[in-house]
There are 2 protein chains.
Amino acid sequence: MHNYSHCLSLVEKEINLLVETKKEPNELYLPAQYILSLGGKRIRPAMVLMACNVFSDTLEEAISAAVAMEVFHNFTLVHDDIMDNAPIRRNQPTIHEKWDNNVAILSGDAMQIMAYQLLCKSKPSLLKPLLDVFNTTAMEVCEGQQYDMNFVNRTNVSLNEYLRMIELKTSVLLAGSLKIGAICGGAPDEEAHKLYEFGRNLGIAFQIQDDYLDVYSDQEVFGKATGGDITENKKTYLLIKALELAKNENAEILKKAIRGQIADTDIKIEMVRMVYDELNINKIAKDAILQYSDKAFECLASVTIAPERLQPLKELALKLMDRVK
Amino acid sequence: MHNYSHCLSLVEKEINLLVETKKEPNELYLPAQYILSLGGKRIRPAMVLMACNVFSDTLEEAISAAVAMEVFHNFTLVHDDIMDNAPIRRNQPTIHEKWDNNVAILSGDAMQIMAYQLLCKSKPSLLKPLLDVFNTTAMEVCEGQQYDMNFVNRTNVSLNEYLRMIELKTSVLLAGSLKIGAICGGAPDEEAHKLYEFGRNLGIAFQIQDDYLDVYSDQEVFGKATGGDITENKKTYLLIKALELAKNENAEILKKAIRGQIADTDIKIEMVRMVYDELNINKIAKDAILQYSDKAFECLASVTIAPERLQPLKELALKLMDRVK
């Protein structure tokens, strides 16, 4: 069985080929090559290959689809960064900063088409099922981004709405990558669906973990928390849960924080964290992460195959989920 | 055989279904439905159906692909309008004006996926050839838009570069629509390619005609010329040809105009037109239009099929090319 790091090296090799191919006009292709060359964990394409490997001993059938998922993911980053006005991505200037908005819009559009071109290199007999998963997933990612933008101006986002948003914006692309890999490996529909559900639950757990680490990671083993989500009033699992539970003074503090009535950033972070602590949000969030990751591992274990074939995916998932102790 | 207006009504019916389907989130789907409901000539989807009809008596096989081409075309308009900062499209506010840039970026992205979803409703056995044409065409349209943007800041655009740009930005989508229709109708590769070449040449003729009418239509039967291209220093067939031919004083006038050294817009238009007249640009442009449209009709006539099956496409092309007398 091929583990994450082996799959990663296959993916990097293919991406390098894309990045090194000279194509005109430069302004269209260079930005795409730039963002693809900035690295990242390449989780999605690795998952395509690993899911294929669950059902097939050869990975060739899945490599183009794997790179397609990474190119699509990077396309969403390029356009999201314009929309979020983000200057930095992977410690480098974003495309709209390095070039301009128009270049970022158009090269993003080209990357979306590039993703389809790569996917279409798959075996013709697999094209229809692969495209069905890809189209649905891609559209859901757009829906998730739209909900995320809508939430910025809302103060009454429910936990269910939030969970649905992160499912669309983050999870379905992991889930879709796994399903696409499974299809490339010749998996029966039912087994491909189990991997999809593994990815969907893992993605939700991973996103809640991200919310958690933004507030709590300095108290733990892993790096330093920034409190950036609190500063930006981001609707996170923690904030939404706290708004749901807070009463009297705690509710007042949260409202003040969201309304921007606590001018000093450090004080704001400190006060919101104190409310979180009183409401036991730390434990509630940890429980939610555990609940979704447990569910993910259950789905993975339910795949009808020799357990050792699932080992690399299990290891990758454990690696992704090991940051909350 | 089904003529343009019959095909148009089929297309409108399908687009209405898309436009009337309620989908969440609103901010993602309403803008797409808005732009699709603003009308337009629907040339591309009509061409898909008419090209199908050349080889097949039923059009059902082509209807989803036809709408896919229209949705893709409208996606390019949405993103081009952001890039060009255009406030009006089809006499109505553009999406980024009516909503905002982020909504226009994301709903455009969704429309691109929607185009693929529609295309994927085609017969599975046709998917691979249809997607090959679609992917290539879509990427070329992006390349054309990038070249067009690059030309804004250049003063030395050659005629060949210009022709390649309009081929990519405008012609290949007409050509691709015809080829996709032909494939849906079961055409042999060679015949599908002849329709592609018909569309490619027709598109170039049509774009040069557009350049021509911006300057000369008030002297002719058709409406009033705006001179908008001259005002904006747009690199058109006429301007590039004039820059190539102009000497001494005429060359000076063109340079001054492009450098923005003729402040009064009406005087600028008048002076540039006088240079065009002296250089006989009117006739040169007319000849080019005729050359490309003749070539288009030749390609159409070369299709190996009973000539009456080609009649509706011939009529549509004549209709599109009848504005220069």
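Since the model is a prediction, treat every value here as computed from it, not as a measurement.

Visitor: Please explain the interface of chain A and chain B as it appears in this structure.
Guide: Size of an interface, as often reported, equals the accessible area lost when the parts are brought together. Counting from both sides, the interface comprises 34 residues of chain A and, opposite them, 34 residues of chain B. Ranking the residues of chain A by area buried against chain B places A:Leu106, A:Ile113 and A:Met139 at the top, with a combined share of 18%. Summed over the shared surface of chain A and chain B, the number is zero salt bridges. In this structure, the connection of chain A to chain B is made through ten residue pairs in polar contact (both at pLDDT 80 or more). Within the residue set of the side of chain A that touches chain B, elements represented by two or more residues are helix H2 (26–37), helix H4 (60–84), helix H6 (101–119) and helix H7 (124–152) of chain A. For the side of chain A that touches chain B, the element with the highest residue contribution is H7(A), accounting for 14 residues. Partitioning the side of chain A that touches chain B into residue classes produces 20 nonpolar, nine polar and five charged.

Visitor: Just checking my understanding: could you explain the relation of the copies chain A and chain B for this structure?
Guide: Both copies of the chain are related through a single rotation about an axis accompanied by a shift along the same axis. Overlay of chain A on chain B (RMSD 0.0 Å): rotation 180°, translation along the axis 0.0 Å. Taken together, the rotation and translation relating the two chain copies correspond to the operation of a two-fold axis.

Visitor: It is not clear to me how a negative patch on the surface should be interpreted in this structure. Could you clarify?
Guide: All names here are of chain A. A contiguous patch of negative charge, built from Glu249, Glu252, Asp264, Asp266, Glu270, Asp277 and Glu278, is present on the exposed surface. Only helix H12 (248–258) and helix H13 (265–278) provide two or more residues apiece to the negative patch. When you line up the elements, Glu270 lands in helix H13. Residue Glu270 is classed as partly exposed on the basis of its relative accessible area of 44%.

Visitor: How do you make sense of the packing of aromatic side chains when you look at a structure like this?
Guide: The geometry of two aromatic rings is summed up by the distance between their centres and the angle between their planes. What the rule picks out here adds up to 13 aromatic pairs over all chains. Both rings, one in A:Phe72 and one in A:Phe134, keep their centres 5.4 Å apart while their planes meet at 75°; by these two values the pair is edge-to-face. Taken together, the residues span a long stretch of sequence, with A:Phe72 in helix H4 and A:Phe134 in helix H7 at a distance of 62 residues. As far as burial versus exposure is concerned, A:Phe72 and A:Phe134 are alike and both buried. With a centroid separation of 5.1 Å and an interplanar angle of 40°, the aromatic rings of B:Tyr212 and B:Tyr216 are classed as tilted. One end of the pair, B:Tyr212, and the other, B:Tyr216, are both in helix H9 (residues 189–216), four residues apart, so they sit about a helical turn from each other. The exposure classification of B:Tyr212 matches that of B:Tyr216, with both residues buried. By the ring-pair criterion, three or more aromatic residues cluster together here, those being A:Phe72, A:Phe75, A:Tyr116, A:Phe134, B:Phe72, B:Phe75, B:Tyr116 and B:Phe134. In this structure, A:Lys98 packs its charged tip against the face of A:Trp99, placed 5.7 Å from the ring centre.

Visitor: Sorry if this is basic, but what is going on with the nonpolar core here?
Guide: Where a protein is soluble and globular, its nonpolar side chains tend to be buried together. One finds A:Leu195, A:Phe198, A:Tyr276, B:Leu195, B:Phe198 and B:Tyr276 to be the most contacted residues of the largest nonpolar core, which totals 247 residues. Once residues lying within four places of it in the same chain are set aside, the contact partners of B:Tyr276 are B:Val215, B:Tyr216, B:Ile230, B:Thr236, B:Leu238, B:Leu239, B:Ala242, B:Leu254 and B:Ile281.

Visitor: What should I look at first to understand the pattern of salt bridges in this one?
Guide: Residue and element names in this part refer to chain A. Throughout the structure, instances matching the rule amount to 28 salt bridges over all chains. Across the salt bridge formed by Glu167 and Arg164, the nearest N and O atoms sit 3.3 Å from each other. In this pair, Glu167 and Arg164 both sit in helix H8 (residues 159–184), three residues apart, roughly one turn of the helix. The buried category is assigned to Glu167, whose relative accessible area is 14%. Accessibility expressed as a relative area gives 38% for Arg164, which makes it partly exposed. Taken together, the shared-partner salt bridges in this structure form one network comprising Arg164, Glu167, Glu197 and Arg200.

Reading the values: the criteria
- Throughout, a residue's number is its position along its own chain's written sequence, starting from 1.
- Written order determines the labels here, with chains lettered from A and ligands numbered from 1.
- Residue-level local features of this predicted model are given only where pLDDT is at least 70; pairs of side-chain atoms are given and counted only at 80 or more, and the full residue set underlies all totals for whole chains, interfaces and linings.
- For side-chain calculations, the full set of non-hydrogen atoms in the structure is used, while hydrogens and water are omitted.
- Contacts: residue pairs with any heavy atoms within 4.5 Å of one another.
- For any pair of parts, buried area is found by adding up, for both, the accessible area (1.4 Å probe) each one loses once the two are put together.
- Think of a salt bridge as a Lys or Arg side-chain nitrogen and an Asp or Glu carboxyl oxygen that are within 4 Å of each other.
- Each polar contact in these results corresponds to two N or O atoms within 3.5 Å; when the atoms are within protein, one needs to be able to donate a hydrogen and the other to accept it, and residues that are neighboring in sequence are counted only if both atoms are side-chain atoms.
- Put simply, DSSP marks the helices as runs of H or I at least four residues long and the strands as runs of E at least two long, and each gets a number from the N terminus on.
- Gly falls in the polar group here, along with every residue not listed as nonpolar (Ala, Val, Leu, Ile, Met, Phe, Trp, Tyr, Cys, Pro) or charged (Asp, Glu, Lys, Arg).
- Overlaid copies result from least-squares superposition on C-alpha atoms, with residues included only where pLDDT is at least 70 in both.
- Residues qualify for a patch when their relative accessible area is over 30% and they have no salt bridge, like charges being joined within 9 Å and the nonpolar side chains of Val, Leu, Ile, Met, Phe, Trp and Tyr within 5 Å.
- Per-residue and other accessible areas follow the Shrake-Rupley method at a 1.4 Å probe size, with only the shown protein chains counted as cover for residues.
- In summary, the charge assignment counts Lys and Arg as positive and Asp and Glu as negative, without counting His or the chain termini.
- Every charge is mapped to an atom, namely NZ of Lys, CZ of Arg, CG of Asp or CD of Glu.
- Buried means the residue's accessible area, taken with a 1.4 Å probe over protein chains only, is under 20% of the maximum for its type, while exposed means over 50%, and partly exposed covers the values in between.
- Two rings belonging to Phe, Tyr or Trp (six-membered ring only in the last case) form a pair when the distance between their centres is within 6.5 Å. Interplanar angles under 30 degrees mark stacking, angles over 60 mark edge-to-face geometry, and anything in between is tilted.
- The rule for a charge over a ring is simple: NZ of Lys or CZ of Arg within 6 Å of the ring centre, and within 35 degrees of the ring normal.
- Here, nonpolar core means buried Ala, Val, Leu, Ile, Met, Phe, Trp, Tyr and Cys residues that are tied together by side-chain atoms lying within 4.5 Å of each other.

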